[in-house]
Amino acid sequence: MKDGDYIGARAPYGYRKDPDNCHKLLIDEDTAPVVRQIFEWAHGHVALNRIVRNLNEMGITAPSHYKKSTGEITSPGLIGSGKWQTRTVMKILESEVYTGDLVQGKTKIVDHQQVKAGEDNLIIARRTHEPIISYELFTAVQEYRKQICEESRAVPKRPYTPNIFKGKVFCADCGRSLHRQRAERKKGPDVYWFHCLTNSRVAKDSCKGVMMQETELIATVTAILEKELSVALGMSLPLFQLEAKQKKDKDRLKTQMSARRQETEKKRRLIRGLYENFVQGILTNEEYFELKADYEESIRTLSGEIEALEKDMDALDSRLVRCRSMEKDAKSLTQDHALTAELIDRLIERIEIDHERNIHVTFRFKSEFQGKAVEPCTKNM
Ligand SMILES: [Zn+2]
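Residues numbered from 1 in each chain as written. Predicted model: local features only at pLDDT ≥ 70, side-chain atom pairs only at ≥ 80, totals over all residues. Heavy atoms only, no water.

## Here's the deal with the coordination of the zinc ion
- Every protein donor of the zinc ion is listed here as Cys 171 (SG), Cys 174 (SG), Cys 196 (SG) and Cys 207 (SG), and their distances to the metal cover 2.2 to 2.3 Å.
- Viewed at the metal, the four donor atoms of the zinc ion are separated by angles of 101 to 118°, and the geometry they form is tetrahedral.
- Mapped onto the sequence, the donors of the zinc ion take the spacing C-x2-C-x21-C-x10-C. Remark: Cys 207 occurs in the loop between α6 (198-201) and β10 (211-213) and Cys 196 occurs in the loop between β9 (191-195) and α6; sequence separation between them is 11 residues. (Donors = N, O, S within 2.8 Å, 3.2 Å for Na, K, Ca; no water. Tetrahedral: all angles 85-135°; square planar, octahedral: opposite > 155°, others 65-115°. Helix = DSSP H or I, 4+ residues; strand = E, 2+ residues; numbered from the N terminus.)

Below, the structure is given as structure tokens:
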């Protein structure tokens, strides 16, 4: 590193490794102009998000996909979506490598893990390779970015309220998960919005676009959930009746199981008897083995039946648990009208919003009543 040797596994985007010396960087004529363009945009105060969208709209291959095409990356884990991301552009804008300098040793390995190393750990070698941009351009961009960063930090911020819909809300049009954005208000509480970033990050008009205020989403989802739970519970027996019925069902299963266990024991005794008869010469060799095989077959059938009954028993137990918890959820919703992250996570699989602001909720508990695999806790069973 001190001699200005490049020690990275792959050349930075915009460069390629010298085929004669893998520690030297050469300009990659295909991608260097992209790097230059990114810096020029940043210098012209084009916002980061806009740069990302420009690159995607121009159809420029994102670095990881480009390096896949050159064979530098083969591991599928390192290949992203193919679209440019904000962090990719940010990393490029922060890399001194484009000025022709090598600044290495930013990270070090501690206990087999890559961690950030301190400033004094940096190994700087100047003019080790051909620059893509000038020092002046790089410095100007760094200063402008620092200024923006400080400006945004200077404004005191209220903390974000927790996102109770985390990982659950998606764009019905393009499938992307919706971004939660805050609009700060001087008077009154901040306003939160959910919206689809596809148009601003991938390409304009590539999605019909979705936008909804969080309060509206909460109100609608609460109403949908209340209705759905009451329908689901309306189909079910009241809990105390369900518990009584459950007990009866379990007793029935227990009787069936114990009958089969006794039957199994009987067959085992018969097999032992057969052997004695065989030894005493009452049964021939052939007769003995034929009868023994018969009994063993019926023991196998019985044990299969016992196993199935045990499964039924477990299913009864877990059904009661589910019905109990659902009744509790419904009660807390109707009483306090409070939608919590925990409730959403337990009851809702996915929420989709379309460009006309229709909300479609996929429930987790639906399968309890509609699925065939699980016996429902309904009145008509
Ligand atoms: Zn979308």
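## Focus on the domain arrangement of the chain
- Annotation of the chain at the domain level lists domain 1 (15-154) and domain 2 (158-381).
- Between the C-alpha centres of domain 1 and domain 2 there is a distance of 47 Å.
- Contact between domain 1 and domain 2 buries roughly 590 Å² in total, counting both sides, with carbon and sulfur atoms accounting for 47%.
- Per-residue buried area on domain 1 facing domain 2 is highest for Asn 49, Arg 53 and Glu 57; these three make up 64% of the total on that side.
- For the pair domain 1 and domain 2, the number of links is zero salt bridges.
- Where domain 1 meets domain 2, there are three residue pairs in polar contact (both at pLDDT 80 or more). (Domains from an automatic or database assignment. Buried area = accessible area lost by both parts, 1.4 Å probe. Salt bridge = Lys/Arg side-chain N within 4 Å of Asp/Glu carboxyl O. Polar contact = N/O pair within 3.5 Å; in protein donor to acceptor, adjacent residues only side chain to side chain.)

## Here we look at a negative patch on the surface
- A surface patch of like charges, here negative, comprises Glu 286, Glu 287, Glu 290 and Asp 294.
- Checked against the element boundaries, Glu 286 lands in helix α9 (residues 285-336). (Patch = residues over 30% accessible without salt bridge, like charges linked within 9 Å, V, L, I, M, F, W, Y side chains within 5 Å. Areas by Shrake-Rupley, 256 points an atom, 1.4 Å probe, with all protein chains shown as cover. Lys, Arg positive; Asp, Glu negative; His and termini not counted. Charge placed at Lys NZ, Arg CZ, Asp CG, Glu CD.)

## Focus: helix α2 (residues 48-57)
- For α2, the buried fraction is high: seven of the 10 residues fall into the buried class.
- Among the residues of α2, those classed as buried are Leu 48, Ile 51, Val 52, Arg 53, Asn 54, Leu 55 and Asn 56.
- Turning to α2, the residues buried within the fold contact α1 (32-43), α4 (86-93), α5 (135-154) and α6.
- Positive backbone phi, at 75°, marks Gly 59, one or two positions downstream of α2. (Buried < 20%, exposed > 50% of the residue type's maximum accessible area, 1.4 Å probe, protein only. Contact = heavy atoms within 4.5 Å.)

## Describing the sheet that holds β10
- Spatial ordering of the open sheet is given by β8-β9-β10, a layout of three strands whose pairing is antiparallel. The two strands at the open ends of the sheet, each matched to only one other strand, are β8 (179-183) and β10. For this sheet, the mean angle separating the axes of adjacent strands, direction not counted, is 30°.
- Two strands pair when backbone bridges link them, and β8 and β9 are joined in this way by five bridges, in the antiparallel orientation. Note on β9: the bridge partner recorded for Gln 181 is Trp 193.
- In the packing of helix α7 (residues 214-234) onto the sheet, contacts are made with β8, β9 and β10, and the angle to β10 comes to roughly 80°. (Pairing = 2+ DSSP bridges. Axes fitted to C-alpha atoms, helices over the stretch in contact; angles between N-to-C directions.)

## Looking at the nonpolar core
- Counting 31 residues, the largest nonpolar core has Ile 38, Phe 39, Trp 84, Val 89 and Tyr 98 as its most contacted members.
- For this core, the elements supplying multiple residues, two or more each, are β2 (21-27), α1, α2, α4 and α5.
- Counting residues per element, this core draws most heavily on α1, at seven residues.
- With near-sequence residues (within four places) excluded, Ile 38 lies in contact with Ile 51, Leu 55, Trp 84, Val 89, Ile 92 and Leu 93.
- In this structure, Val 221, Leu 333, Ile 344 and Phe 363 belong to the second largest nonpolar core, which totals 30 residues. (Core = buried A, V, L, I, M, F, W, Y, C linked by side-chain atoms within 4.5 Å.)

## Observations regarding the packing of α1 against α4
- Across the interface, α1 lies against α4 with an axial gap of 10 Å and an inter-helix angle of 90°. Comparing the axis directions of α1 and α4 gives the class roughly perpendicular. Two secondary-structure elements touch here, α1 through Val 35, Ile 38, Phe 39 and Ala 42 and α4 through Val 89, Ile 92 and Leu 93.
- Residues belonging to the contact of α1 with α4 are distributed by class as follows: seven nonpolar, no polar and no charged. (Parallel < 35°, antiparallel > 145°, perpendicular 65-115°, else oblique. Nonpolar A, V, L, I, M, F, W, Y, C, P; charged D, E, K, R; others polar.)

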